[in-house]
Amino acid sequence: MSEESPVVTVPELVVAATGVAVPAPRTWRRTTGLAGAAIGVVAAGAAAGVAVERLTMGRGIRRRARLALEVTGPYGTLRGTPGVAYAEDGTALHYEVDEEPAPASDADPAPRRRRLFGGRRRPPEPDPPVTVVLSHGYCLNQDAWHFQRAALRAAGVRAVYWDQRGHGRSGRGPAPDGRSAPVTIDQLGGDLKAVVDAAAPVGPLVLVGHSMGGMTVMALADRFPELVRERVAGVALVGTSSGGLGEVHFGLPVAGVNAVRRFLPGVLRALGQRAELVEKGRRATADLFAGIITRYSFASAEVDPVVTRFAERMIESTPIDVVADFYPAFDEHDKTAALARFRGLPVLIVSGEDDLVTPVGHSETMARELPEAELVRVPDAGHLVMLEHPEVVNARLAELLTRAGALPGAATVSSHGSTRGTAQPQRPEPQRPESQRPEPQRPGPQCPGPQ
């Protein structure tokens, strides 16, 4: 192993991140096991400890439990009409469209009226519907919107779900030297523009983004302000940040996080070049990995274990070199100025109060830039708030869609998920003319907090 290789620092990263001592690696295969765990930390958005029961429960029992959950879990099974958009560099981006089929009609449903000078009068073309475009986060895929997808489908809303490059069914993108190449948030904004052009070329848009997906929405606004000005009717930013992610400490001691950040870029570069071995290491440390994901994805002790396993599967399926390609983009991300593009639009900002990856303070920063936005802080919720408390996200999203014209004022989005709690907006909605106001009843339970 060359002197330049940073792989020997992986145990140090694990110790700094978790406070748990690990033996020095004896072989590269042993090192990749630990490295897989460390990269699992990155995939989940941070580094952390593992619950005691995961360390004491037999590995065979845990493996059987995971298999049972994978068999019984219904999540991630919703599919729409597939399509492919092509990014600026030619990367194939997979998307799916959910929409109600056009109503069946007879060949000649109404008598034709002849014009004064001959010919027949054509009925006016209907206005294109509002399309909701949902962008997922880092190391996830479009199935992360499972509960929202079920609810929007039940409400008859036209929606587009897509896999970010390197995730899900989308392509990785070309690399001149045959290796993977770093990804930028601006590049993701261009990818979203390609998906919109292919899947929703006309009509109003509501843009919804979680975590990295929210950053993608901001990058779209930064690069294509005319699209926002002419077509965007509403925006939802869920568990995301406009910048300053280099200051997040993930609930850990500052010194430990700084140590991780100092070595992590070099570790990622080395591991990305040995992806096959690292993937074997990740599988060998699946139990540790699962505990990390749970800690940094959810805050409630009442989350359905099938949901947590669903999240684990999505994150585990993200290749290690994709993890490495995307990681540097987050420290460089700063789209605070781009938020101004959304002023004057209905904007929803949702944050889990116990989110350790994109803490609630980042949502508050965005809300200060968008003083008319609705800021919703969800109690007892972590980073994957849309999976942990779908009833809250669905209810607030229904209100946003009503304001954006995607739903009639009296409509509600069906409840799809648990009803353990809800959250209240932090500032009132701006007053509007009586004729434009939605029905006063909220489409969701009004509990003061978690039950």
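Residues numbered from 1 in each chain as written. Predicted model: local features only at pLDDT ≥ 70, side-chain atom pairs only at ≥ 80, totals over all residues. Heavy atoms only, no water.

Trainee: Teacher, can you tell me more about the confidence of the model for the chain here?
Mentor: When pLDDT drops low, the exact placement of atoms in the prediction is not to be read closely. Residues with a pLDDT of 70 or more make up 58% of the chain, whose mean pLDDT is 75. Across residues 1-57, where pLDDT falls below 50, the model places 111 contacts with residues more than four positions away in sequence or in other chains. (pLDDT = per-residue confidence, 0-100. Contact = heavy atoms within 4.5 Å.)

Trainee: Could you clarify how one ought to interpret the pattern of salt bridges in this entry?
Mentor: Where charged atoms from two side chains of opposite charge come close, those side chains can pair. Following the criterion strictly, the structure yields 20 salt bridges and no others. When the shortest N-O distance is used, the salt bridge between Asp-98 and Arg-153 registers 3.0 Å. Residue Asp-98 is found in strand β2 (residues 92-98), and its partner Arg-153 is found in helix α5 (residues 146-155); the two are separated by 55 residues along the sequence. Residue classification places Arg-153 among the partly exposed residues on the basis of a relative accessible area of 37%. Across the pair Arg-172 and Asp-321 runs a salt bridge, and its minimum N-O distance is 2.9 Å. Note that Arg-172 is positioned in the loop between β4 (158-162) and α6 (185-199) and Asp-321 in helix α13 (residues 320-332), a separation of 149 residues in sequence. The network of salt bridges with shared partners includes Arg-79, Glu-96, Asp-98, Asp-143, Arg-149 and Arg-153. (Salt bridge = Lys/Arg side-chain N within 4 Å of Asp/Glu carboxyl O. Helix = DSSP H or I, 4+ residues; strand = E, 2+ residues; numbered from the N terminus. Buried < 20%, exposed > 50% of the residue type's maximum accessible area, 1.4 Å probe, protein only.)

Trainee: When you look at the nonpolar core in this model, what are you seeing that I'm missing?
Mentor: Soluble globular proteins tend to pack their nonpolar side chains together in the buried interior. In this structure, Val-132, Leu-152 and Leu-401 are the most contacted members of the largest nonpolar core, which totals 60 residues. Broken down by element, the residue count for this core peaks at seven residues, all from helix α16 (residues 390-404). The residues touching Val-132, leaving out its near neighbours within four places in the chain, are Leu-152, Val-157, Arg-158, Ala-159, Val-160, Val-206, Val-208 and Leu-401. Grouped together as the second largest cluster of nonpolar side chains are 35 residues, Ala-85, Val-217, Ala-221 and Leu-339 included. (Core = buried A, V, L, I, M, F, W, Y, C linked by side-chain atoms within 4.5 Å.)

Trainee: What exactly am I supposed to notice about the pairing of β2 here?
Mentor: Consecutive residues of a regular strand have side chains that alternate between opposite faces of the sheet. Summarising burial for β2: six of the seven residues are buried, a large majority. Note that strand β1 (residues 81-86) and β2 share six bridges and pair antiparallel. Among the inter-strand pairings, Gly-83 is bridged to a residue of β2, identified as Tyr-95. What sits between the antiparallel neighbours β1 and β2 is a turn of five residues, in which Gly-90 has the positive phi angle 90°. (Pairing = 2+ DSSP bridges.)

Trainee: Teacher, can you tell me more about the packing of α6 against helix α7 (residues 212-223) here?
Mentor: Helices that pack against each other are described as a pair by the angle of their axes relative to one another and the distance between those axes. Their axes nearest at 7 Å, the elements α6 and α7 cross at an angle of 80°. Here α6 lies roughly perpendicular to α7, going by the angle between them. Along the contact surface, α6 presents Ile-185, Asp-186, Gln-187, Leu-188, Gly-189, Gly-190, Leu-192 and Lys-193, while α7 presents Met-212, Met-215, Thr-216, Val-217, Ala-219, Leu-220, Asp-222 and Arg-223. Grouping the constituent residues of the contact of α6 with α7 by class yields eight nonpolar, four polar and four charged. (Axes fitted to C-alpha atoms, helices over the stretch in contact; angles between N-to-C directions. Parallel < 35°, antiparallel > 145°, perpendicular 65-115°, else oblique. Nonpolar A, V, L, I, M, F, W, Y, C, P; charged D, E, K, R; others polar.)

Trainee: In this structure, what is going on with the sheet that holds strand β7 (residues 347-352)? I would like to understand it.
Mentor: Strand pairs in the sheet, formed through backbone hydrogen bonds, run parallel or antiparallel to each other. As summarised here, the arrangement of the eight strands in space is β1-β2-β4-β3-β5-β6-β7-β8, forming an open sheet in which the pairing is mixed. Two strands close off the open sheet at either side, each with one partner strand: β1 and β8 (374-378). Between one strand and the next, the sheet's axes are offset by a mean angle of 20°, whatever the strand orientation. Strand direction decides the pairing type here: strand β3 (residues 131-135) and β4, joined by five bridges, are parallel. Of the residues in β4, the one forming a bridge with Leu-134 is Tyr-161.

Trainee: Quick question: what am I supposed to make of the packing of α5 against α16 here?
Mentor: Their axes nearest at 10 Å, the elements α5 and α16 cross at an angle of 45°. Taken together, the axes of α5 and α16 are oblique relative to one another. Between α5 and α16 the crossing geometry is right-handed. Each of Phe-147, Gln-148, Ala-151 and Leu-152 in α5 lies in contact with α16, whose residues at this interface are Pro-390, Val-393, Asn-394, Leu-397 and Leu-401. Classifying every residue of the contact of α5 with α16 by side-chain character gives seven nonpolar, two polar and no charged. (Left-handed = near helix turned anticlockwise from the far one by under 90°.)

Trainee: Would you mind showing me how to read the packing of aromatic side chains here?
Mentor: How two aromatic rings sit relative to each other is given by the distance of their centres and the angle of their planes. Taken as a whole and assessed by the stated rule, the structure comprises four aromatic pairs. For the ring pair Tyr-138 and Phe-326, a centre distance of 6.3 Å and an interplane angle of 35° mean the geometry is tilted. Of this pair, Tyr-138 sits in the loop between β3 and α5 while Phe-326 sits in helix α13; the two residues are 188 residues apart in sequence, bridging distant segments of the chain. A residue is classified by how much of its surface remains accessible, and Tyr-138, at 11% relative accessible area, is buried. According to the relative accessible area criterion, Phe-326 is buried, its value standing at 3%. An aromatic cluster is built from Tyr-75, Phe-147 and Phe-310, whose rings are joined through pairwise contacts. Positioned above the aromatic ring of Tyr-161 is the side chain of Arg-149, whose terminal nitrogen or guanidinium carbon lies 4.2 Å from the ring centre. In this structure, Lys-193 is placed above the aromatic ring of Phe-224, and the distance from its NZ or CZ to the ring centre is 5.3 Å. (Phe/Tyr/Trp six-rings, centres within 6.5 Å; stacked < 30°, edge-to-face > 60°. Lys NZ or Arg CZ within 6 Å of the ring centre and 35° of its normal.)

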